[in-house]
Amino acid sequence: MGQAEWVTVPISTRDTDGPLFFTEHEWATVEAATARIIPTDHHPGAREAGVVRFIDRMLAGTQFVFPAADGKGFLRMEALEEKAWQERIESRQKFYREGIVELDGIAADKFGADFVDLDDDQQDTVLEAISRKEKPAKFVFAESDGQGSGERRRATSRSTRTSSSSSRSWC
């Protein structure tokens, strides 16, 4: 049976704002990490988008895998499809839980506290350690000339200094 034949099950998650899969600590840790990866600036960030809630629902079980096209529920999987997805979800659950433990371990080694209790710069340091990559430089767009061709500039450090980018566009 393909997805087109699956029954739509009306499932509301609006009645529960908190975690279904994560513990409170795991929820707070994932929310803090995603807020550093997609920070709030002049646009909404991960917190405002409810990224941690989306991840929590994705990991909660097969009932939240495929939203119905009309937005009124989720497609109910059965038999082999459900079993296959449940195995995928279980491996993702383990991956997230191990990642949270690793974030807290690095945070404790470097700063003596859980990840969620660190300040922004310390959280960035932990995220750089776990990803083995530097935090991407902040992009700053210069004032527009009204024609949509404002000069794009790239910050040279975490400070507010900026320098002009090359003439190549990477948008």
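Look a little higher up for the structure.
This structure is a prediction, so every number in the text was calculated from the model and none was measured. (Residues numbered from 1 in each chain as written. Predicted model: local features only at pLDDT ≥ 70, side-chain atom pairs only at ≥ 80, totals over all residues. Heavy atoms only, no water.)

Caption draft 1: Region of interest: the overall build of the chain. Each helix and strand in the chain was counted, giving 5 helices and 5 strands. Starting at the N terminus and ending at the C terminus, the chain contains elements arranged as β-α-α-α-β-α-α-β-β-β. Buried positions account for 27% of the 171 residues belonging to the chain. Summarising the internal contacts of the chain: among those between residues at least 6 apart in sequence, 53% fall at separations of at least 24. (Helix = DSSP H or I, 4+ residues; strand = E, 2+ residues; numbered from the N terminus. Buried < 20%, exposed > 50% of the residue type's maximum accessible area, 1.4 Å probe, protein only. Contact = heavy atoms within 4.5 Å.)

Caption draft 2: Structural detail: the side chain of Gln-123. Mapped onto the elements, Gln-123 comes out in helix 5 (residues 120–131). A polar contact is formed between the side chain of Gln-123 and the backbone oxygen of Phe-115, at a distance of 3.0 Å. Excluding residues within four positions of it along the chain, Gln-123 makes contact with Ala-32, Arg-36, Phe-115, Val-116 and Leu-118. (Polar contact = N/O pair within 3.5 Å; in protein donor to acceptor, adjacent residues only side chain to side chain.)

Caption draft 3: Examining the environment of Thr-29 more closely. Counting through the fold element by element, Thr-29 comes out in helix 1 (residues 24–37). Between the C-alpha atoms of Thr-29 and Leu-103, which are 74 residues apart in sequence, the distance is 8.4 Å. Not counting residues up to four positions away in its chain, the partners in contact with Thr-29 are Ile-100, Leu-103, Asp-104, Phe-115 and Val-116.

Caption draft 4: Up close: unusual backbone geometry. Backbone geometry places Arg-132, a non-glycine residue, at a positive phi of 60°. On the secondary structure map, Arg-132 appears in the loop between helix 5 and strand 3 (139–141). With a relative accessible area of 73%, Arg-132 lands in the exposed category.

Keep in mind these values describe shape, not function.
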